[in-house]
Amino acid sequence: MTETTAPLRALMPALAGKTYFNYGGQGPLPSPSLEAILHTWQAIQELGPFASAVAPLLASTVEGLRQRLAHWLGVSPRRLSFTENVSSGCLLPLWGLPWQPGDELLIADAEHPGVVAGLQELARRHDLRLVNLPVQGLRGGEERTEAAVLAALEQGLTPRTRLVVLSHLLWNTGQLMPIAAVAERLAAHPRHPWLLVDGAQSFGSLPVAAAASAADVYACTGHKWCCGPEGLGVVALSERVLATARPTLIGWRSLADESRGDGRFHQDGRRFEVATSCTPLFAGLDRSLALLEAEGSPEQRLERIRHRSGMLWHGLGQIPGVRPLLEVPPPAGLVSFTLAGEAPEALVRRLGERALWLRSLPEPSCLRACTHITTTAEEVERLLSELRQS
Ligand SMILES: Cc1ncc(COP(=O)(O)O)c(C=O)c1O
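Residues numbered from 1 in each chain as written. Predicted model: local features only at pLDDT ≥ 70, side-chain atom pairs only at ≥ 80, totals over all residues.

Engineer: Explain the overall build of the chain to me, please; I cannot follow it from the model alone.
Structural biologist: Across its full length, the chain carries 12 helices and 13 strands. Computed over its C-alpha atoms, the radius of gyration of the chain comes to 21 Å, within 12% of the 21 Å expected for a compact globule of 390 residues. When the backbone C-alpha atoms are referred to their principal axes, the chain occupies close to 65 × 60 × 35 Å. Every one of the 390 residues in the chain was classed for burial, and the buried ones make up 45%. (Helix = DSSP H or I, 4+ residues; strand = E, 2+ residues; numbered from the N terminus. Rg over C-alpha atoms; globule rule 2.2 N^0.38 Å. Buried ≥ 20, exposed ≤ 12 C-beta atoms within 10 Å, placed from the backbone.)

Following this line, the structure appears as structure tokens:
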């Protein structure tokens, strides 16, 4: 494969003077996206802020982004709800579903603590049972992983299973989960359990349309791999969730007619939207997505991400005392590894002082470096060289 560095990189002031591997935490905002935010904010002030002259701008900004996201997620725009972040996208629709005491939630052991805490509270209030789906220990290639996930699913499913929770790309080990195959298996279960997918690490890093259109709830944020602003996310909902789930956190945007509190809600994804939010952020995310599109198809971008993560994975395996978590090159851009002799948190602090940013993870205790299309071969080499000297 030819060596290319994204033109996008030159548009990210945050990357100047740093070696950055924290895309899974937050992606840098390109200057054109910041300009789109500022421009929209200014236009709102000039036309309004609260005046009918501004309404077309607000509507076209929000609905334009909804259309683009629908294309990315492979669903019709009516299946999308805007949210603030991944966690609210995962949890808000669940509160509206018709639970019965004793229903079981089959939750992967690699889910994010914030989402797990929300599921625990849901279980406490509705008298549901939490069941563990073990996937965190999987370290092999795609085929072996898919077979192991489906076997674990088979073990965990019971006649009472009502929901399965599984991230698309595990935030800790970097493994890819076979979401479409899991959805297919659940469709054959007598109760057809709902499938909640946390897309925090997949959306913007790999093609997601097949998984997002197969899941019941596929939650994303704009501020990680999409390199959009923080504070704006989206969730794709299945038609059956839209038909079954009551709105949860309700405000004027949930209403079919916003001038009437008559209990008639939007029939589409807007029933989970709440009230006033920051429209300029929509313009910023739209610009970031357009910039990513200009870098190639989702498949082409993933290939570039994998090229860098593969370089890093191979290099890590050759350093004494360093061990990549996965036994094979990573399926996407998350590269987790352990290091003998120094606590992960201490290494993160020490390298941060040298403007090299990666993160530590608690479970399993390890380090995580993310490669995006903007990652250069020099950055990978610099990290490897720091680790060789550790
Ligand atoms: C897998 C996963 N889920 C959820 C979150 C929380 O994201 P947000 O703050 O957008 O809700 C993160 C953040 O790192 C994550 O990696």
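Engineer: What is the right way to read the site of the ligand from this model?
Structural biologist: Residues in close proximity to the ligand total 14 residues, the closest being Asn85, Ser87, His112, Trp171 and Ala200. Taken together, the elements giving at least two residues each to the shell around the ligand come down to helix H3 (86-95) and helix H4 (113-126). Residue classes in the shell around the ligand are distributed as four nonpolar, nine polar and one charged. (Near = placed C-beta within 6 Å. Nonpolar A, V, L, I, M, F, W, Y, C, P; charged D, E, K, R; others polar.)

Engineer: Is there a simple way to explain the sheet that holds strand E3 (residues 104-108) in this structure?
Structural biologist: Strand pairing within a sheet occurs via backbone hydrogen bonds; the two strands may be parallel or antiparallel. Pairing in this open sheet of seven strands is mixed, and the strands run E2-E8-E7-E6-E5-E3-E4 from one edge to the other. Edge positions in the open sheet fall to strand E2 (80-83) and strand E4 (129-133), since each of these has one partner strand only. Pairs of neighbouring strands in the sheet enclose a mean axial angle of 20°, with direction left out of account. Contacts between helix H2 (residues 55-73) and the sheet are confined to E2, strand E7 (217-221) and strand E8 (233-237), with E2 contributing the most and set at about 115° to the helix. (Pairing = 2+ DSSP bridges. Axes fitted to C-alpha atoms, helices over the stretch in contact; angles between N-to-C directions. Contact = placed C-beta atoms within 7 Å.)

Engineer: Any chance you could explain the packing of H2 against helix H9 (residues 279-293) here in plain terms?
Structural biologist: The description of two helices packed together rests on the angle between their axes and the distance between the axes. In the contact formed by H2 and H9, the axes pass within 9 Å of each other and the chain directions differ by 40°. Read as a crossing pair, H2 and H9 show a hand that is left-handed. Each of Leu58, Thr61, Val62, Gly64, Leu65, Arg68 and Trp72 in H2 lies in contact with H9, whose residues at this interface are Thr279, Phe282, Ala283, Leu285, Asp286 and Leu289. Taken together, the residues of the contact of H2 with H9 sort by class into eight nonpolar, three polar and two charged. (Left-handed = near helix turned anticlockwise from the far one by under 90°.)

Engineer: What is the right way to look at the sheet that holds strand E9 (residues 322-324) in this model?
Structural biologist: Taken in spatial order, the four strands of this open sheet run E9-E10-E13-E12, and their pairing is antiparallel. Two strands bound the open sheet, and with one partner strand each, they are E9 and strand E12 (359-362). Within the sheet, the average angular offset between the axes of one strand and its neighbour, ignoring direction, is 35°. Across four bridges, the pairing between E12 and strand E13 (residues 365-370) is antiparallel. Among the inter-strand pairings, Pro362 is bridged to a residue of E13, identified as Ser365.

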